[in-house]
Amino acid sequence: MSKLALDRILQSQGFGTRKWCNELIADGEVSIAGNVITDTRAAFETAGLQFTLYGELWTYREHVYIALNKPGNIECSRKASHHPGVHTLLPEQFTRRDVQPVGRLDHDTTGLLLLSDDGAFIHQQSSPKRHIPKIYVATTHDEITPALVAQLLHGVKLHDEPAPLAAVTCRMLDAHQLEIVLEQGKYHQVKRMLAAAGNHCVALNRAAIGKLQLNGTGLAEGEWCYLSEEQLALLVPS
Ligand code: URA
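All values reported here derive from a predicted model rather than from experimental measurement.

(A) Quick look at the overall build of the protein. Within the protein, the regular secondary structure consists of eight helices and 15 strands. Scored against the burial criterion, the 238 residues of the protein give a buried share of 45%. Carbon and sulfur atoms make up 53% of the accessible area of the protein, which amounts to about 12500 Å² in all. Averaged over its 22 positive side-chain charges, the protein has a centre that lies 7 Å from the centre of its 26 negative ones.

(B) Seen up close, the environment of Leu158. Mapped onto the fold, Leu158 is located in the loop between helix H5 (146–154) and strand E11 (169–174). For Leu158, a relative accessible area of 3% corresponds to the buried category. Considered as a pair, Leu158 and Asp98 are 60 residues apart in the sequence and their alpha carbons are 33 Å apart. Beyond its immediate stretch of four places on either side in the chain, Leu158 contacts Leu165, Arg192, Met193 and Ala196.

(C) Just the pattern of salt bridges, in detail. Under the definition given, this model contains nine salt bridges. Close ionic contact of Arg18 with Asp7 constitutes a salt bridge, the shortest N to O distance being 3.0 Å. Here the residue Arg18 occupies a position in helix H2 (residues 18–26), and Asp7 occupies one in helix H1 (residues 6–12), the gap between them amounting to eleven residues. On the basis of relative accessibility, which here comes to 1%, the residue Asp7 falls in the buried class. Among the ionic contacts, a cluster of salt bridges with common partners joins Asp7, Arg18 and Arg41.

(D) Spatial organisation of the packing of aromatic side chains. Inspection of the entire model under this criterion finds six aromatic pairs. Geometrically, the ring pair formed by Tyr65 and Phe121 is edge-to-face, given 4.9 Å between the ring centres and 80° between the ring planes. A residue pair is termed long-range when its members are at least 10 positions apart, and Tyr65 in strand E7 (residues 65–70) and Phe121 in helix H4 (residues 119–126) qualify at 56 residues. For the pair shown, Tyr65 and Phe121 are each scored as buried. Aromatic pair Phe94 and Tyr226: ring centres 6.0 Å apart, planes at 70°, arrangement edge-to-face. Placement of the pair is Phe94 in helix H3 (residues 92–96) and Tyr226 in strand E15 (residues 224–226), with a sequence separation of 132 residues. According to the relative accessible area criterion, Phe94 is buried, its value standing at 3%. Relative accessible area serves as the criterion here: at 24%, Tyr226 is assigned to the partly exposed category. Three or more aromatic residues joined by ring pairs form one cluster here, namely Phe15, Phe51 and Trp58.

(E) Here's a closer look at the layout of surface pockets. Taken as a whole, the largest pocket spans an internal volume of roughly 730 Å³. What lines the largest pocket is a set of 31 residues, and nearest its centre among them are Gly103, Arg104, Leu105, Gly185 and Lys186. Among the residues making up the lining of the largest pocket, the classes are represented as twelve nonpolar, eleven polar and eight charged. When residues of the lining of the largest pocket are assigned to domains, at least three fall in each of domain 2 (65–128 + 216–233) and domain 3 (133–209). The volume enclosed by the second largest pocket comes to roughly 280 Å³. Forming the boundary of the second largest pocket are 17 residues, of which Cys76, Arg78, Val99, Gln100 and Pro101 lie nearest the centre. Listing elements by their share of the lining of the second largest pocket, those giving two or more residues are H3 and strand E8 (100–101). Of the residues belonging to the lining of the second largest pocket, the class tally is eight nonpolar, five polar and four charged.

(F) Summary view of empty space enclosed by the protein. Going through the model one piece at a time under the given rule, you end up with one cavity of 30 Å³ or more. In this structure, the largest cavity occupies an estimated 50 Å³ of space. Around the largest cavity, the lining residues are Gln13, Phe15, Trp58, Thr59, Arg61, Gln93, Phe94, Arg97 and Tyr226. Elements represented by at least two residues in the lining of the largest cavity include exactly strand E6 (56–59) and H3. Counted by class, the lining of the largest cavity contains four nonpolar, three polar and two charged residues. Taken together, domain 1 (3–59) and domain 2 (65–128 + 216–233) each give at least three residues to the lining of the largest cavity, which thus spans both.

(G) Molecular detail of the site of the ligand. In the vicinity of the ligand, the contacting residues are Leu105, Asp106, Thr109, Tyr136, His188, Gln189, Val190, Lys191 and Leu204. Between the ligand and Gln189, the relevant distance is 3.3 Å, taken from an oxygen atom to a main-chain nitrogen or oxygen of the residue. Residue Val190 places a main-chain N or O atom 3.1 Å away from a nitrogen atom belonging to the ligand. Protein coverage of the free-state accessible area of the ligand, which is 240 Å², stands at 95%. Using a 2 Å cut-off from the grid points, one finds that the ligand occupies the largest pocket. It is helix H6 (residues 189–196) that contributes the most residues to the shell around the ligand, three residues altogether. The residue makeup of the shell around the ligand, split by class, is four nonpolar, three polar and two charged.

Calculation notes
- Residues numbered from 1 in each chain as written.
- Predicted model: local features only at pLDDT ≥ 70, side-chain atom pairs only at ≥ 80, totals over all residues.
- Heavy atoms only, no water.
- Helix = DSSP H or I, 4+ residues; strand = E, 2+ residues; numbered from the N terminus.
- Buried < 20%, exposed > 50% of the residue type's maximum accessible area, 1.4 Å probe, protein only.
- Areas by Shrake-Rupley, 256 points an atom, 1.4 Å probe, with all protein chains shown as cover.
- Lys, Arg positive; Asp, Glu negative; His and termini not counted.
- Charge placed at Lys NZ, Arg CZ, Asp CG, Glu CD.
- Contact = heavy atoms within 4.5 Å.
- Salt bridge = Lys/Arg side-chain N within 4 Å of Asp/Glu carboxyl O.
- Phe/Tyr/Trp six-rings, centres within 6.5 Å; stacked < 30°, edge-to-face > 60°.
- 1 Å grid on protein atoms, 1.4 Å probe; cavity = no way out; pocket = protein on both sides within 12 Å on 5 of 7 lines; lining within 4 Å.
- Points joined across faces, edges and corners; volume = space filled by probe spheres on them.
- Nonpolar A, V, L, I, M, F, W, Y, C, P; charged D, E, K, R; others polar.
- Domains from an automatic or database assignment.
- Near = heavy atom within 4 Å.
- Polar contact = N/O pair within 3.5 Å; in protein donor to acceptor, adjacent residues only side chain to side chain.
- Sits in = over half its atoms within 2 Å of the grid points.

Spatial relationships are all this shows, so hold off on functional conclusions.
Okay, structure coming up:
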């Protein structure tokens, strides 16, 4: 149980500086359980707290855990330079809360991207030691052959990588589509592995992370959602 003053609550949720949050409260923009609260120092139990700001209902969250169905032409990097950044798809207060992608997808890769402001979660999810499988569907320029699949399973040598990298599993979906499962997250890994095996990736989609499947989230391209406890549990390796 922890009580926090309302201005600090709003600030922690990314609604602005403490001074700005004080003004919002004093202006009567915040209500709790139907009562407008104008005392900036009024303290509330944060667990399960719901508040209304500018008429919109919010639930207090110590941290946020988000799934986004990333469209193409969106950059994951914080200082996006050539395409809009991933933050343009999310409410502004998430940027103020320092919500960041868990790992990166290339600007032209679509599919499941996790984001959070919980440093420990980001670290755990990104750690190669955790062996969390990432499932990709790659569309290739040339026809997929059994030899290509075998090569990806056996391991291919990439420039700058000391040892060959192999897919955990790899299966042909059709003549130009491959499902490839990786446990590492090296730069352009799927595209570089396909190139090293003599083909070319023309489109890439991340379909799942661990047991969390993008199509199970119901998200359309560009949409995001908070992850439930059940969905977070699907990210933990069994
Ligand atoms: N592999 C790639 O080549 N690109 C991505 O965005 C993710 C994995």
